[in-house]
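Understanding the architecture of this molecule
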Amino acid sequence: MADFVLFADTACDIAPEMLKAWQVECFDLTYMFTDDCVVHTEKDSTIKEFYDQMRSGRVAKTAAVNPDQVRAAFEKALSEGHDVCYLAFDSALSTTYQSSLMIGREMQEKYPERKVAVLDSLCASAGYGLLLSFVKDLRDEGKTLDEIVEYVENNRGKICHWFTVDDLVYLKRGGRVSAAVALIGGVLDIKPVLHVDNEGRLIKVGQVRGRKSSVHALAQHMADTWEGGRVYISNGDCMKDVETLKHAIEQKCGAQVEVVTSVGSVIGAHSGPGTLALFFVGKAR
């Protein structure tokens, strides 16, 4: 195994036990509800409890990774003689990458004999987790840190992210749709179809009427661009829709889903309960 410590953060939406099995160190991104401003991590409640709070009307706000946590973890690894590789949450959706990059440069100056790579995944949720799985495999194959940096830069743009949400009110709060669109969408049962573009931005690319149609739209986008290989799904407490999506992609693509995970608080605070997302390697995003 290559002699570096691999870091990620909780925006990858990979379960802690899986990250432990992968030997990936994980930084916590935090959230708070605006009515009490108590800082939480995902360890403080179950994902269902988090979404039930949102369903009750509470508004969650998220924060980037704590720089002190990053600095301490980097320092520990470097002082013990290891290099550092941090595959970070999408820079278009969080300041986590930018702040960690500055810390990485600081640590590189302090430990010039070591290598520090802070990489922008340009990915979110289990799309970020999917890219992380490939990086983990390369590490286990003995690839060098330089080879992994090159791989991420050349392949992150092939990780396709397709999302839909059940209620537009949460996207309205984040400025993704207007109040009028959210109101009309609720009345007419309009569901958006979104993806993450090449710059890592969450973009609305279409809309359909009804939840079932939106689920099948995700599967169709996969059928149009999938290049084979791993398929991940993440969901905001909507496992029944996960089963519908799994069946649809099996019918359209002959594909089996490797990982089903939860949309955590980092993404879920903005997309809400009922978020359903599909991730795979495609010809292009």
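What comes next concerns the included structure. (Residues numbered from 1 in each chain as written. Predicted model: local features only at pLDDT ≥ 70, side-chain atom pairs only at ≥ 80, totals over all residues. Heavy atoms only, no water.)

Some words on the overall build of the protein chain
Scanning the protein chain from N- to C-terminus turns up eleven helices and twelve strands. Taken over the C-alpha trace, the protein chain has a radius of gyration of 19 Å; the compact-globule value for 285 residues is 19 Å, and the two agree within 12%. In terms of its C-alpha atoms, the protein chain occupies a principal-axis envelope of roughly 60 × 45 × 30 Å. Counting across all 285 residues of the protein chain, residues that qualify as buried make up 53%. Expressed as a percentage of contacts within the protein chain between residues at least 6 apart in sequence, the contacts between residues at least 24 apart total 76%. Accessible surface, the protein chain as shown: approximately 12,600 Å² in total, 51% of it carbon and sulfur. Each charge sign in the protein chain was given a centre, from 32 positive and 40 negative side chains, and these centres are 6 Å apart. (Helix = DSSP H or I, 4+ residues; strand = E, 2+ residues; numbered from the N terminus. Rg over C-alpha atoms; globule rule 2.2 N^0.38 Å. Buried < 20%, exposed > 50% of the residue type's maximum accessible area, 1.4 Å probe, protein only. Contact = heavy atoms within 4.5 Å. Areas by Shrake-Rupley, 256 points an atom, 1.4 Å probe, with all protein chains shown as cover. Lys, Arg positive; Asp, Glu negative; His and termini not counted. Charge placed at Lys NZ, Arg CZ, Asp CG, Glu CD.)

Here we look at empty space enclosed by the protein
If you walk through the whole model with that rule in mind, you get one cavity of 30 Å³ or more. Its volume calculated, the largest cavity comes out at about 40 Å³. Taken together, Phe163, Val165, Leu171, Leu194, Leu202, Ile267 and Ser271 make up the lining of the largest cavity. Class assignment for the residues of the lining of the largest cavity results in six nonpolar, one polar and no charged. (1 Å grid on protein atoms, 1.4 Å probe; cavity = no way out; pocket = protein on both sides within 12 Å on 5 of 7 lines; lining within 4 Å. Points joined across faces, edges and corners; volume = space filled by probe spheres on them. Nonpolar A, V, L, I, M, F, W, Y, C, P; charged D, E, K, R; others polar.)

Notes on the state of the cysteines
The final tally for this structure, using the stated rule, is zero disulfides. Free cysteine Cys12: the closest other cysteine sulfur is in Cys26, separated by 5.2 Å. When its relative accessible area of 0% is taken as the criterion, Cys12 is described as buried. The thiol of Cys160 is unpaired, and the distance to the nearest cysteine sulfur, on Cys123, comes to 9.6 Å. (Disulfide = S-S within 2.5 Å.)

Focus: the layout of surface pockets
In this approach, a probe sized like a water molecule rolls over the atoms, and the result shows the empty space that is left. Volume-wise, the largest pocket comes out at about 540 Å³. Lining the largest pocket are 26 residues, and of these Thr10, Ile14, Ala15, Pro16 and Glu42 lie nearest its centre. Elements that contribute at least two residues to the lining of the largest pocket include exactly α1 (16–22), α2 (47–55) and β11 (259–262). A breakdown of the residues in the lining of the largest pocket according to their chemical character gives twelve nonpolar, nine polar and five charged.

Structural notes on the sheet that holds strand β2 (residues 25–27)
Ordered by their spatial adjacency, four strands build an open sheet running β2-β1-β5-β6, and the pairing between neighbours is parallel. Sheet topology places β2 and β6 (116–120) at the edges, where each strand pairs with a single neighbour. Strand-to-strand, the axes of this sheet are offset by a mean angle of 20°, without reference to chain direction. Against the sheet, helix α4 (residues 96–110) engages β1 (4–9), β5 (83–88) and β6, with an angle of about 165° to β6. (Pairing = 2+ DSSP bridges. Axes fitted to C-alpha atoms, helices over the stretch in contact; angles between N-to-C directions.)

A look at the sheet that holds strand β10 (residues 226–235)
Sheet architecture is open: six strands sit in the order β9-β8-β7-β12-β10-β11, paired in mixed fashion. Each having just a single partner strand, β9 (202–209) and β11 make up the two edges of the open sheet. Shown here is a sheet whose adjacent strand axes are inclined to one another by a mean of 25°, direction ignored. Pairing of strand β7 (residues 159–164) with strand β8 (residues 190–196), which is carried by three bridges, proceeds in the antiparallel orientation. Across the sheet, Phe163 pairs through a bridge with Leu194, a residue of β8. Across the sheet, helix α9 (residues 211–225) is in contact with β7, β8, β9, β10 and β12 (276–282); its angle to β12 comes to roughly 5°.

Some remarks on helix α5 (residues 125–140)
When the terminal C-alpha atoms of α5 are compared, their 23 Å separation across 16 residues agrees well with the 22 Å that a helix rising 1.5 Å per residue should span. In terms of burial, α5 is largely enclosed, as 15 of its 16 residues are buried. Two residues or fewer after α5 comes Gly142, characterised by a positive phi angle close to 90°. (Expected span 1.5 Å × (residues − 1).)

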